[in-house]
Amino acid sequence: MTNRPMLEIVSLQKRFGDTVVLRDINLKVAQGDLVFIIGPSGSGKSTMLRCCNRLEEPSGGDIIVDGRNIMSGTSRDLDRMRLKVGMVFQGFHLYPHMSVVKNVMLAQCKALGRSAEEARARAMDMLDRVGLAHKASAMPAELSGGQQQRVAIARALALDPLVMLFDEPTSALDPELVGSVLSVMKDLKAKGMTMLVVSHEMGFARETADRVVFMDGGLVVEEGSPEEIFGAPKADRTRAFLSRVTR
Amino acid sequence: MQNLIDQFFNLSIMAKSLPLMLSGLWMTARLCAAVILLGLAGGLLVALANLSPRRWLRLPSIVFTDIFRALPPLVLLIFIYSGLPFAGIEISPFAAVALAFLLNNSAYYAEVYRAGILSVGKGQWEAARSTGLSQTQTLISVVLPQAIRNVLPDLLSNTVEVVKLTSLASVVSLSELLYAANMARSITYNASPLVLAALIYLVILWPVVRLVSRFQRRLAA
């Protein structure tokens, strides 16, 4: 890790009522790194990711983005911070009543205050980057799942985020559409984007991740390079999990 | 047979009563405009209060929608028009009718909006908030357009109910369409103006009712 941390998670805790989902999570993501989170369902990985832009309100701990603690400040500060942290969801969540290009323009105009022309030009650049400039005037329902997810990535990228969070971005896709989304993510990584990815695409992790983090029971059990985690996992729980998912 | 036509479908009597009827229709239109526009706006505010996480907003909104949906609109109207003067509050027939039906209808509109807003998935909120849109911006640009489209048939049917409801205003002598028709009936001693009024209601509302069915089928598909 040569670069400064772009995203820091410090003793993050999350409880839902009496259920403790995150016990004490500490994680640093250096600028330009792709950190890949794996773990069994219910291990808290999605909750952890959603705490990073406070879609889920942490019960304790700090989230530091580019040196600024996002746990303090007003709701305006939070909205501004969210511009810096892009998020891609398992279910895409494009706005179904707007064309593709309008989906990518909306937050640029409303949250960043860009003019319509500026936002449109930027949107077209981003759609081109995900290979969907020709679908700009289509409605989301006319696109395949993979195309919708790439538009969702463009929508987040258009705001020039410092970090991108991916919450199981390919889990809702038909197998033949997964590749197109992963190749967009690979391209993002190549261009130096800082990324935190929760996913089950182990092959992608092996190829692209700088670090792999194994979570279980609301804790980081083990972290290391893909070679270390997939090749020689130290913890029993990691080994057990990997033998189950890779067969 | 001829007697029947003379009594109910007498064209010359209908023609003679037409100016009176048109002024009644104009009053109905004004009443509808006031109740529908204010009801749509008020209903939205009540619905938003109802969905608020803040108790002090939510509770009054629940009480409001419960009371005004349970109270018969005619009871409310007569209370406002004839009851309030006992408390020294004199109110014009138009204002009494508009207020009574507004209270009644914003409660119904509120329930429709509420269902619409709840029909928009949590993912839409999260996607919009994650891109830095505020709660209000998300509501206006992302959630409400979808919510309203999802409940458009119900909003329209409720609006049909408002138009029909305005005929109750005749009981407080507000000269809307039904009152005008009844007046024409007593002057001409002939039922044709009532038939004419019924036809006017039908001509206006039938297409809307058809439209509601079309929307409902399209949304169901």
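Residues numbered from 1 in each chain as written. Chains lettered and ligands numbered in written order. Predicted model: local features only at pLDDT ≥ 70, side-chain atom pairs only at ≥ 80, totals over all residues. Heavy atoms only, no water.

## Focus on the sheet that holds strand β1 (residues 5-16) of chain A
Residue and element names in this part refer to chain A. Spatial strand order, β2-β1-β4-β5: four strands in an open sheet with antiparallel pairing. The outermost strands of the open sheet, each flanked by one partner alone, are β2 (19-30) and β5 (68-69). Sheet topology note: the β1/strand β4 (residues 60-65) ladder contains five bridges and is antiparallel. Within β4, the position partnered with Ile9 by the bridge is Ile63. (Pairing = 2+ DSSP bridges. Helix = DSSP H or I, 4+ residues; strand = E, 2+ residues; numbered from the N terminus.)

## Thoughts on the interface of chain A and chain B
Taken residue by residue, the interface counts 21 residues in chain A and 18 residues in chain B. Here chain A and chain B share an interface that buries about 1,600 Å² over both sides, 57% of which is from carbon and sulfur atoms. For the chain A face of the interface with chain B, the top three residues by lost area are Asp79, Tyr95 and His97 of chain A, together amounting to 30%. For the pair chain A and chain B, the number of links is two salt bridges. Note that Arg50 of chain A is salt-bridged to Glu126 of chain B, the shortest N-O span being 2.7 Å. The tally of links from chain A across to chain B stands at five residue pairs in polar contact (both at pLDDT 80 or more). (Contact = heavy atoms within 4.5 Å. Buried area = accessible area lost by both parts, 1.4 Å probe. Salt bridge = Lys/Arg side-chain N within 4 Å of Asp/Glu carboxyl O. Polar contact = N/O pair within 3.5 Å; in protein donor to acceptor, adjacent residues only side chain to side chain.)

## Focus: helix α6 (residues 175-190) of chain A
Because each turn of an α-helix spans 3.6 residues, side chains separated by three or four positions end up pointing in the same direction. Residue and element names in this part refer to chain A. Along its 16 residues, α6 runs 24 Å from first to last C-alpha, staying within 8% of the 22 Å computed at 1.5 Å per residue. Among the residues of α6, those classed as buried are Val178, Val181, Leu182, Val184, Met185, Leu188 and Lys189. Buried residues of α6 fall within an arc of 155 degrees about the axis and therefore sit on the same side. Relative to its buried face, α6 has exposed residues pointing more than 90 degrees away, namely Glu176 and Ala190. (Expected span 1.5 Å × (residues − 1). Buried < 20%, exposed > 50% of the residue type's maximum accessible area, 1.4 Å probe, protein only. Arc of directions from axis to C-beta.)

## Overview of the sheet that holds strand β10 (residues 219-224) of chain A
Residues and elements named next belong to chain A. In space, the six strands of this open sheet follow the order β6-β7-β8-β3-β9-β10, with mixed pairing throughout. With partners counted over all chains shown, the strands left at the sheet margins are β6 (85-88) and β10, one partner each. Geometrically, the sheet is characterised by an average inter-axis angle of 20 degrees between neighbouring strands, direction not taken into account. In this structure, strand β9 (residues 211-216) lies alongside β10, joined through five bridges in antiparallel fashion. Note on β10: the bridge partner recorded for Phe214 is Glu222. Against the sheet, α6 engages β3 (34-38), β7 (163-167) and β8 (194-198), with an angle of about 150 degrees to β8. (Axes fitted to C-alpha atoms, helices over the stretch in contact; angles between N-to-C directions.)

## Brief notes about the packing of helix α5 (residues 145-157) of chain A against α6 of chain A
The relative placement of two packed helices is expressed as an angle between their axes plus a distance between the axes. Residue and element names in this part refer to chain A. Between α5 and α6, whose axes approach to 8 Å, the crossing angle comes to 20 degrees. The angle between α5 and α6 places the two elements in the roughly parallel class. The two elements α5 and α6 cross, and the hand of that crossing is right-handed. For the pair formed by α5 and α6, the contact residues are Gly145, Gly146, Gln149, Arg150, Ile153 and Leu157 on the first element and Leu177, Ser180, Val181, Val184, Met185 and Leu188 on the second. In terms of residue class, the contact of α5 with α6 is built from seven nonpolar, four polar and one charged. (Parallel < 35°, antiparallel > 145°, perpendicular 65-115°, else oblique. Left-handed = near helix turned anticlockwise from the far one by under 90°. Nonpolar A, V, L, I, M, F, W, Y, C, P; charged D, E, K, R; others polar.)

## Some remarks on the packing of helix α8 (residues 152-165) of chain B against helix α10 (residues 192-220) of chain B
All names here are of chain B. At a minimum axis separation of 9 Å, α8 and α10 run at an interaxial angle of 165 degrees. It follows that α8 is roughly antiparallel to α10 by the angle criterion. Between α8 and α10 the crossing geometry is left-handed. Of the residues in α10, those in contact with Leu152, Pro153, Leu156, Ser157, Val160, Val163 and Lys164 of α8 are Tyr201, Leu205, Val208, Val209, Leu211, Val212, Phe215, Gln216 and Leu219. Of the residues in the contact of α8 with α10, the class split is 13 nonpolar, two polar and one charged.

## Here we look at the pattern of salt bridges
Inspection of every chain in the model, using the stated rule, returns 21 salt bridges over all chains. Between Asp216 of chain A and Arg237 of chain A there is a salt bridge whose closest N-O contact spans 3.5 Å. Within this pair, whereas Asp216 of chain A is found in strand β9, its partner Arg237 of chain A is found in helix α9 (residues 236-246), the two being separated by 21 residues in sequence. Judged by relative accessible area, Asp216 of chain A falls into the buried class, the value being 18%. Glu111 of chain B serves as the salt-bridge partner of Arg69 of chain B, at 3.8 Å between the closest nitrogen and oxygen. Note that Arg69 of chain B is positioned in helix α3 (residues 55-70) and Glu111 of chain B in helix α5 (residues 93-119), a separation of 42 residues in sequence. Under the relative-accessibility criterion, Arg69 of chain B is labelled partly exposed at 33%.

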